[in-house]
Amino acid sequence: MDFRLLSYSKGSAVARAGLLVKGLVFDATDALGGGSASAVSVLQLLADWDKVRPALESFASGTAGIKSKGLELDAVTLAAPLLYPGAVYCAGANYRDHVIEMAKANNQAPNMDGRENDVAPWHFVKPSKACVTGSGMIVVRPAGCLKLDWEAELVAVIGRAARNVSVEDALDYVAGYTAANDLSARDLSRRALVAAGSPFYYDWMAHKCFAGSCPLGPWITPASQVGDPQNLPIKLWVNGVLKQDSNTSEMIYSISEQIAHISRLVTLEPGDIVLTGTPAGVGAARQEFLQPGDLVRIEIGDLGELNTLIA
């Protein structure tokens, strides 16, 4: 039986792990037979994913007879499915169509020769507690930012410790997938009063790591229910207008290659997430940026709908 893993709350209660099955939300502690008195988080579930996944699947298969225990989705408040990821790794320049559009916008020739020159994929890191927020939440533009951009991204959620894994085995370490919006303050990425050659010229904190810069969700779909993660439609709308419309097959470096590469540098832990890059259609390419009151919606395959309101 299909299920989705989420973090939910009712009223002022602390968010806790839940399962979405046939439109109803069930508490994860009930699914594991522990009773609702002991709170459990999605991060705790991922820490023991190989053991708890069969139990969650079994519970989801048997929910037909216990629907009275489920809550309607609109009766709960969803938080980010992971409160909070252990680490947030974000891929840069990883879609062919995006590299082409940005080169055109900058009057440059597209450069996608990383493979030919044996160049590894590259990633930067966002601080999870400062940046991660859930679907339906409000994100305030950082002070001084007039060019806030959107970036729809497929997210791989790690479910097993991964160190020096092969490309062939890398997806075995993924518990599931969700969506993210790697919000970017384009006009804060470079300091106007600093010379381009100075080590203080670039400001990645201001550009990528401001409060709320990583909307995530609405839930995690287990990897076994996703099919081929390298063939998912990925779309983003601003106020109902389609801006990004691509497919994860456009990635330059696959999800497997990214996980394998990161695992050679550090140990990926359960609950870490990998944002795998964004396709063409970002605002910077057309000089369109998010304004207060804008609503951003992301859909990737059947992973759910991630909504963010800009203030």
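Keep in mind it's a predicted model, so treat the numbers as computed, not measured.

Chemist: Which residues make up helix H7 (residues 255-265), and what values do they have?
Modeler: The buried fraction of H7 amounts to 8 of the 11 residues, a majority that puts the element mostly inside the structure. Of all the residues in H7, the buried ones are Ile255, Ser256, Gln258, Ile259, Ala260, His261, Ile262 and Ser263. Contacts made by the buried residues of H7 are with strand E6 (88-91), strand E7 (123-126), strand E11 (152-158), strand E12 (174-181) and strand E17 (273-275).

Chemist: Explain the nonpolar core residue by residue, including any values.
Modeler: Among the nonpolar cores identified, the biggest contains 41 residues, and Leu154, Tyr177, Ile259, Leu268, Leu290 and Ile300 are the most heavily contacted of them. Counting only elements with at least two residues in this core, the list comes to E11, E12, strand E15 (233-238), H7, strand E18 (295-300) and strand E19 (305-310). For this core, the element with the most residues is E11, which contributes 4 residues. Counting residues in hydrophobic clusters, the runner-up holds 35 residues, among them Val40, Leu82, Phe124 and Val157.

Chemist: Now, about the pattern of salt bridges: what can you tell me, with residues and values included?
Modeler: Inspection of every chain in the model, using the stated rule, returns 12 salt bridges. Here arginine 53 ties to glutamate 57 by a salt bridge, and the two come within 3.1 Å at their closest N and O atoms. On the criterion of helical spacing, the pair formed by arginine 53 and glutamate 57 is a turn pair, its members being 4 residues apart in helix H3 (residues 49-61). Note that lysine 208 and aspartate 182 form a salt bridge whose closest N and O atoms lie 2.8 Å from each other. Residue lysine 208 is located in helix H6 (residues 204-208), and its partner aspartate 182 is located in the loop between E12 and strand E13 (184-185); the two are separated by 26 residues in the primary sequence. Summarising the burial analysis for this pair, lysine 208 and aspartate 182 share the class buried. Here the residues in one salt-bridge network are Lys126, Asp149, Glu151, Asp182, Arg186 and Lys208, joined through shared partners.

Rules behind the numbers
Here the residue numbers are simple positions, counted from 1 along each chain's written sequence. This being a predicted model, a pLDDT of at least 70 is required before a residue's local features are given, and a value of 80 or more before pairs of side-chain atoms are given or counted; all residues contribute to the totals for chains, interfaces and linings. Working from all heavy atoms in the structure, the side-chain values ignore hydrogens and water. Three exposure classes are used, based on accessible area relative to the maximum for each residue type with a 1.4 Å probe and protein chains only: buried under 20%, partly exposed in between, and exposed over 50%. Secondary structure counts use DSSP, requiring at least four H or I residues in a row for a helix and at least two E residues in a row for a strand, with both numbered from the N terminus. Between two residues, a contact is recorded if the distance between any of their heavy atoms is within 4.5 Å. For this analysis, a nonpolar core means a set of buried residues of the types Ala, Val, Leu, Ile, Met, Phe, Trp, Tyr and Cys, connected via side-chain atoms within 4.5 Å. Here, a salt bridge means any Lys or Arg side-chain nitrogen found within 4 Å of an Asp or Glu carboxyl oxygen.

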